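These are the residues of each chain, in order.
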Amino acid sequence: MSYRYRCGTCRATSEPVATRRAARAERRWHRAREHSGLVPDDESIEPDAEHGVGTGGLLLAVLVGVLIVEALARITS
Ligand SMILES: [Zn+2]
């Protein structure tokens, strides 16, 4: 899951970052640079569905994991 910080006042969106904590760091920098440390009226941190792992990707990862475990079980038996 990745996240984006959006500032509605500036109509600006950060690049996607890996964690909510990193998005909060983007927010802190943006507030300092663009708003002299003040809090803009319209801002948010949102999950970035475009760059995150969706349900299909998660299901595929689980399936691959099961297949690897099964293959290892066959090799060791
Ligand atoms: Zn702003």
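**Quick notes on the environment of Glu50**
Then comes step 1: In this structure, Glu50 sits in the loop between β3 (43-47) and α2 (55-76).
Then comes step 2: For Glu50 and Pro16, which are 34 residues apart along the polypeptide, the C-alpha to C-alpha distance reads 9.3 Å.

**Looking at the confidence of the model for the chain**
Parts of the prediction with low pLDDT should not have their coordinates interpreted in detail.
Then comes step 1: Put simply, the chain has an average pLDDT of 88, and 87% of its residues get 70 or more.
Then comes step 2: Helix α1 (residues 20-35) holds the highest mean pLDDT among the elements of the chain, 98, whereas α2 holds the lowest, 75.

**A few points about the environment of Glu46**
Then comes step 1: Within the fold, Glu46 resides in strand β3.
Then comes step 2: With 12 C-beta atoms packed within 10 Å, Glu46 lands in the exposed category.
Then comes step 3: Residues Glu46 and Tyr5 lie 41 residues apart in sequence; the distance between their C-alpha atoms is 6.6 Å.

Basis of the calculations
- Residues numbered from 1 in each chain as written.
- Predicted model: local features only at pLDDT ≥ 70, side-chain atom pairs only at ≥ 80, totals over all residues.
- Helix = DSSP H or I, 4+ residues; strand = E, 2+ residues; numbered from the N terminus.
- pLDDT = per-residue confidence, 0-100.
- Buried ≥ 20, exposed ≤ 12 C-beta atoms within 10 Å, placed from the backbone.

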